[in-house]
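Descriptive structure summary
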Amino acid sequence: MNDEWRSLLEELVRIPSISTAHEHVQRSADAFADVLRANDCNDVQLLCGAADPAATVYGYRHVADELPTVLVYGHHDVQPVGRADAWISPPFEPEIRDGRMYGRGTSDDKGGILTYIAAIRISRDCNVKFLIEGEEEIGSPTLGALLDAHRELLACDYAVLCDTPNFATGTPSITYRLRGNVIIDVEVRCLERPAHSGKFGGVAPDAVRLLCELIANIELPHEPDERIELPFDEDSFRRDVGILPAATLPPAPYERMWATPSITITGIEATPVAQAGNMINASARARLSLRTVRGDEGGLLMRQLEQPFVSAKLVSSADPWKADRTHPLFDAARRALEKGFGKPAVMTGSGGSIGFVPPFAKLLGDTPLLLTGVQDPPCNAHSENESLHLGDWEKAMHAGVHLFEELRRLS
């Protein structure tokens, strides 16, 4: 790998652009603007959305009018540090160990966006527009307004959104489907005040028990909307996720994660154990994260929560997304990734939703979206000791060059 790109990534990782704390995001945007200018982008701007500071970077490398135009999206903001004492090396002091660069933002997503900036250094097969966001890690709250305000500026023939994981280290992937996410707060309240558990237990309603029963009895569609035939390495999955040996896994895991709705209890409140007494709780509440496939599961859940003593509030929602895998773009992308990695690309889904995808789908309409990235299962994105596999990063750069070549031939 060219030491220039490695040194550049280290320089960018040293900027702690934590968007949840609004720290150094503007400095990071300015740094990426300088990188685009240094790499033949002849129109570089800092864009504003509805109310955000100018933390989103736009750059355009124009080659010739007759060539296709590709919009490449990534983000330069990063997650908070988490447990500082769990980092082997400081999160914003990049360090290379065993072929990986460690540091916050290495794989998510500063390394990802540099992949395509490196590609335009070599390729002149496409006109390329870059949009490098500074609010992705806080849910892209103003991205929709920004895209709408700059609709003409961002017009393109193809769009590459480079912030998704690969199936395995060394195996390139294209993400073609995402589950949606519906967040609901539910509360059970059945007493005016706590009651003595000895005197009234067994007769007075127990809000905590009723809440648990309510959640346990929720019914959602069980059949996946697609059969997914991919090899599943349970040992690697357990290691990457941190699943304890005693915990069992269900069959058909990829179908359950990508093509079937699921509910997670992300928060629950009643009396803390440290304050527990011999009393029946008057109320209890929980936050539910419903991952959707068809898009109507949120309404099904809300109807099941319409019961006495129960109140439910919709907090937020994001729609599921699924690409048309038969579009020629995906054949072109698979060819490019295989040339770059020396291994066939895998079409994968994601159990999570990605906030920036629906706004791009709305903006671009029939323009297909290609979701790729440089993360691999051991990269620890959003956790401590985030890292980037440098060998895969170099392969991704080569794949980017081949992708622009394939898109020129496709047009």
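Below, the structure is looked at part by part. Predicted model only: the values in this text are computed from it and were never measured.

We now examine the overall build of the chain. From N to C terminus, the chain includes 12 helices and 18 strands. In summary, the chain has a C-alpha radius of gyration of 23 Å against a globular reference of 22 Å for 411 residues, a match within 12%. With the principal axes as the frame, the chain shows a C-alpha extent of 80 × 45 × 45 Å. Considering the chain as a whole, with its 411 residues, one finds that 51% of them fall into the buried category. At a minimum sequence separation of 6, the contacts of the chain that also span at least 24 residues come to 80%. Accessible area of the chain: about 18,900 Å², with a carbon and sulfur share of 50%. Charged side chains of the chain number 40 positive and 59 negative; the gap between the two group centres comes to 3 Å.

Of the voids in this model, the second largest pocket is the one considered here, and its volume is about 460 Å³. Lining of the second largest pocket is provided by 23 residues; of these, H222, R256, T260, P261 and S262 occupy positions nearest its centre. Counting residues per element, the ones that place at least two in the lining of the second largest pocket are α8 (253-258) and β11 (262-269). Ranked by residues supplied to the lining of the second largest pocket, first place goes to α8 with four residues. Across the lining of the second largest pocket, the residue classes tally to 15 nonpolar, three polar and five charged.

Summed over all chains, the structure comprises seven aromatic pairs. Over the aromatic face of Y60 sits the side chain of K129, whose NZ or CZ is 5.4 Å from the ring centroid. Across from the ring centre of Y176, 4.3 Å away, lies the NZ or CZ of R325, which sits over that ring.

On to the side chain of T372. In this fold, T372 is placed in strand β17 (residues 369-372). When sequence neighbours within four positions are dropped, the list of residues in contact with T372 reads Y116, V160, L161, C162, D163, T164 and S173.

Our focus in this paragraph is the pattern of salt bridges. This structure, assessed with the given rule, holds 26 salt bridges. In this structure, the salt-bridge partner of E226 is R325, at a minimum N-O distance of 3.3 Å. Separated by 99 residues along the polypeptide, E226 in the loop between α6 (207-216) and α7 (234-241) and R325 in the loop between β15 (321-322) and α10 (328-341) bring together distant segments of the chain. Residue classification places R325 among the partly exposed residues on the basis of a relative accessible area of 35%. Where E255 meets R227, a salt bridge forms, and the shortest distance between an N and an O atom there is 3.1 Å. Here R227 lies in the loop between α6 and α7 and E255 lies in helix α8, a separation of 28 residues in the sequence. Each of the salt bridges in this network shares a partner with another, and the network as a whole consists of R177, D225, E226, K322 and R325.

Attention now goes to empty space enclosed by the protein. It is the rolling of a water-molecule-sized probe over the atoms that shows where space remains empty. Under the defined criterion, the tally for this structure stands at one cavity of 30 Å³ or more. Looking at the largest cavity, it is lined by 19 residues, and the ones nearest its centre are Y116, L337, T372, G373 and A396. Among the secondary structure elements, those contributing two or more residues to the lining of the largest cavity are α3 (106-122), α10, β17 and α12 (390-410). Across the lining of the largest cavity, the residue classes break down as 12 nonpolar, seven polar and no charged.

Turning our eyes to something else, we now look at unusual backbone geometry. Residues apart from glycine generally show negative phi values, whereas peptide bonds are mostly found in trans. Cis geometry is found at the peptide bond from D108 to D109, where omega equals 10°. Topologically, D109 is positioned in helix α3. The residue D40 is not glycine, and still its phi comes out positive at about 75°. Positionally, D40 belongs in the loop between α2 (25-38) and β1 (43-47). In this model, S140 sits at a positive phi of 50°, which is unusual for a non-glycine residue. With respect to the secondary-structure elements, S140 resides in the loop between β6 (127-133) and α4 (143-149). A residue is classified by how much of its surface remains accessible, and S140, at 7% relative accessible area, is buried.

On to the sheet that holds strand β9 (residues 180-189). If you walk across this open sheet you meet the four strands as β11-β13-β9-β14, and the pairing is antiparallel. At either margin of the open sheet sits one strand with a lone partner, and together these are β11 and β14 (310-318). Averaged over all neighbouring strand pairs, the angle between strand axes comes to 20°, with direction disregarded. Relative to β14, β9 runs antiparallel, the two being bridged by eight bridges. Along β14, the bridge assignment pairs I183 with S316. The sheet strands contacting α6 are β9, β11, β13 (283-292) and β14, and the helix crosses β13 at an angle near 15°.

The rules behind the values
- Residues numbered from 1 in each chain as written.
- Predicted model: local features only at pLDDT ≥ 70, side-chain atom pairs only at ≥ 80, totals over all residues.
- Heavy atoms only, no water.
- Helix = DSSP H or I, 4+ residues; strand = E, 2+ residues; numbered from the N terminus.
- Rg over C-alpha atoms; globule rule 2.2 N^0.38 Å.
- Buried < 20%, exposed > 50% of the residue type's maximum accessible area, 1.4 Å probe, protein only.
- Contact = heavy atoms within 4.5 Å.
- Areas by Shrake-Rupley, 256 points an atom, 1.4 Å probe, with all protein chains shown as cover.
- Lys, Arg positive; Asp, Glu negative; His and termini not counted.
- Charge placed at Lys NZ, Arg CZ, Asp CG, Glu CD.
- 1 Å grid on protein atoms, 1.4 Å probe; cavity = no way out; pocket = protein on both sides within 12 Å on 5 of 7 lines; lining within 4 Å.
- Points joined across faces, edges and corners; volume = space filled by probe spheres on them.
- Nonpolar A, V, L, I, M, F, W, Y, C, P; charged D, E, K, R; others polar.
- Phe/Tyr/Trp six-rings, centres within 6.5 Å; stacked < 30°, edge-to-face > 60°.
- Lys NZ or Arg CZ within 6 Å of the ring centre and 35° of its normal.
- Salt bridge = Lys/Arg side-chain N within 4 Å of Asp/Glu carboxyl O.
- Pairing = 2+ DSSP bridges.
- Axes fitted to C-alpha atoms, helices over the stretch in contact; angles between N-to-C directions.

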